[in-house]
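# Residue-level structural notes
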Amino acid sequence: MLAEGDRVRVKLDWPETRGPCHIRTPHYLRGREGVVERRLGSFRNPEDLAFARPAEERDLYHVRFDLPAIWQEADASEIVVCELIEQTYLLEDETSAGAGDVIVVELFEHWLEKLA
Amino acid sequence: MNVLEADSEKLLEAVLGLLKGKGVVTPEEITARIASTDSASPAQGARMVARAWTDPEYRALMLRDGTVAAEAMDIPMRGLPPLGVLENTDEVHNLVVCTLCSCYPRAVLGYPPFWFKSAAYRARAVRDPRGLIAEWGTTLPEGMQLRVVDSTADYRWMVLPRRPHGTEGWSVEQLAAIVREGDMIGVTIPSV
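As the structure is a computational prediction, the values presented were derived from the model and not from experiment.

This brings us to the overall build of chain B. Across its full length, chain B holds 10 helices and four strands. Starting at the N terminus and walking to the C terminus, you meet the elements of chain B as α-α-α-α-α-β-β-α-α-α-β-β-α-α. Dimensions of chain B along its principal axes, counting C-alpha atoms only, are 60 × 35 × 25 Å. For chain B, buried positions account for 44% of its 192 residues. Considering only residue pairs separated by 6 or more positions, chain B has 66% of its internal contacts joining residues 24 or more positions apart. A total of about 9900 Å² of accessible surface is found on chain B, and carbon and sulfur atoms cover 56% of it. A gap of 3 Å separates the mean positions of the 20 positive and 24 negative side-chain charges of chain B.

Below is the structure:
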């Protein structure tokens, strides 16, 4: 079980590429690092519930992420590729999140890897 | 024919018949649920907010357990996802979105406004949150932290806004009347 203040990484996994699925972990958080705010409780795993399969209870956590960092981590090589494809998007659609702004998201335990 | 192509009234009748026939729900429970769905509106959440502004014990309860706090105001919550309440303070402003679909605390806020479900709102709330709320005329004081809450799973979230200045001595009813839907989503701030 995770505790308040634990640093975690959201799994960099894309079950969508392997077949039909129902995932409650937003794409923009896959592979991102955050901090556990608190445990919200245990809930039946929606990934099974959605397909009427037996669904065991899993711990659900509120996890906090630095918001500007989610959109500003692209390295130089990524930017070159993106500029070729969607030049105006990158130039004009910067995030308006300010320093210190955060995003808090409900994530299930099986999507979180504890960091040292 | 699949379910999506079925005549909706016939489908409803068939499902209701099965639910009643198998004893899953009683006709009284269905009537009660229809009544509670019809009565759900932002006015319910506003009653909670106004009471929290005037009753510190209720405020503490609301922040600890939104479901129990709603039930204490006779808002039916049985069988619904747990309600979490996000407190706006002098330092923090909360904004609620569901980027994956349209999760919304319907028992206390009613049906979501059309824009809450739009792709534009859902995308901009996480990428361009300050630009987004500026379109409602909402500008946060310098130094105030914005906390975007993406409602992705089993909780439903509402914002407890700050009580505006100029409302000293107001009754709970007067206070409830100034709390709007957007104030409890976080796109606006109550004002007088």
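Reading across the sheet, the seven strands line up as S5(A)-S1(A)-S2(A)-S3(A)-S4(A)-S3(B)-S2(B) and stay open at both edges, with mixed pairing between neighbours. Edge positions in the sheet fall to strand S5 (112–114) of chain A together with strand S2 (92–97) of chain B, since each has one partner strand and no second. Direction aside, neighbouring strands of the sheet carry axes that sit 35 degrees apart on average. With three bridges joining them, strand S1 (residues 7–10) of chain A and strand S2 (residues 33–44) of chain A adopt antiparallel strand pairing. From the neighbouring strand, Val8(A) faces S2(A), where its bridge partner is Gly34(A). Sheet contacts for helix H7 (residues 119–127) of chain B: strand S4 (102–108) of chain A together with S2 and strand S3 (145–150) of chain B; angle to S2(B), the most-contacted strand, approximately 150 degrees.

Here we take up the environment of Met77(B). All names here are of chain B. Positionally, Met 77 belongs in the loop between helix H5 (66–71) and strand S1 (83–87). The sequence separation of Met 77 and Arg 106 amounts to 29 residues, and the corresponding C-alpha distance is 9.9 Å. Non-local contacts of Met 77, meaning those with residues more than four positions away in its chain, are made with Thr 67, Ala 70, Glu 71, Leu 83 and Ala 107.

Right, let's talk about the domain arrangement of chain B for a bit. Residues and elements named next belong to chain B. Domain parsing of chain B yields domain 1 (7–37) and domain 2 (41–185). For domain 1 and domain 2, the distance between their C-alpha centroids amounts to 31 Å. If you look at the interface, domain 1 gives four residues, while domain 2 gives four residues. Note on domain 1 versus domain 2: buried area summed over both sides is about 260 Å², and carbon and sulfur give 48% of it. Among the residues domain 1 hides against domain 2, the three largest losses belong to Arg 33, Ser 36 and Thr 37. Together they make up 83% of the total.

What follows deals with the confidence of the model for chain A. Looking at chain A as a whole, its pLDDT mean stands at 87, while 82% of the residues score no less than 70. For the stretch residues 86–92 of chain A, pLDDT sits under 50, and the model shows six contacts to residues farther than four places along the chain or on other chains.

It is worth spelling out empty space enclosed by the protein at this point. Residue and element names in this part refer to chain B. Summed over all chains, the structure comprises one cavity of 30 Å³ or more. Empty space within the largest cavity amounts to approximately 50 Å³. Around the largest cavity, the lining residues are Asn 88, Thr 89, Val 92, His 93, Met 144, Pro 161, Arg 162, Ile 189 and Pro 190. Considering only residue class, the lining of the largest cavity consists of five nonpolar, three polar and one charged.

This next bit is on the pattern of salt bridges. All names here are of chain A. If you walk through the whole model with that rule in mind, you get 19 salt bridges over all chains. In this structure, Arg 30 engages Glu 16 in a salt bridge whose closest nitrogen and oxygen atoms are separated by 2.8 Å. Of the two residues, Arg 30 sits in the loop between S1 and S2 while Glu 16 sits in the loop between S1 and S2, which places them 14 residues apart along the sequence. Its salt-bridge partner being Arg 64, residue Glu 37 comes within 2.8 Å of it at the nearest N-O pair.

Cut-offs used in this document
- Residues numbered from 1 in each chain as written.
- Chains lettered and ligands numbered in written order.
- Predicted model: local features only at pLDDT ≥ 70, side-chain atom pairs only at ≥ 80, totals over all residues.
- Heavy atoms only, no water.
- Helix = DSSP H or I, 4+ residues; strand = E, 2+ residues; numbered from the N terminus.
- Buried < 20%, exposed > 50% of the residue type's maximum accessible area, 1.4 Å probe, protein only.
- Contact = heavy atoms within 4.5 Å.
- Areas by Shrake-Rupley, 256 points an atom, 1.4 Å probe, with all protein chains shown as cover.
- Lys, Arg positive; Asp, Glu negative; His and termini not counted.
- Charge placed at Lys NZ, Arg CZ, Asp CG, Glu CD.
- Pairing = 2+ DSSP bridges.
- Axes fitted to C-alpha atoms, helices over the stretch in contact; angles between N-to-C directions.
- Domains from an automatic or database assignment.
- Buried area = accessible area lost by both parts, 1.4 Å probe.
- pLDDT = per-residue confidence, 0-100.
- 1 Å grid on protein atoms, 1.4 Å probe; cavity = no way out; pocket = protein on both sides within 12 Å on 5 of 7 lines; lining within 4 Å.
- Points joined across faces, edges and corners; volume = space filled by probe spheres on them.
- Nonpolar A, V, L, I, M, F, W, Y, C, P; charged D, E, K, R; others polar.
- Salt bridge = Lys/Arg side-chain N within 4 Å of Asp/Glu carboxyl O.

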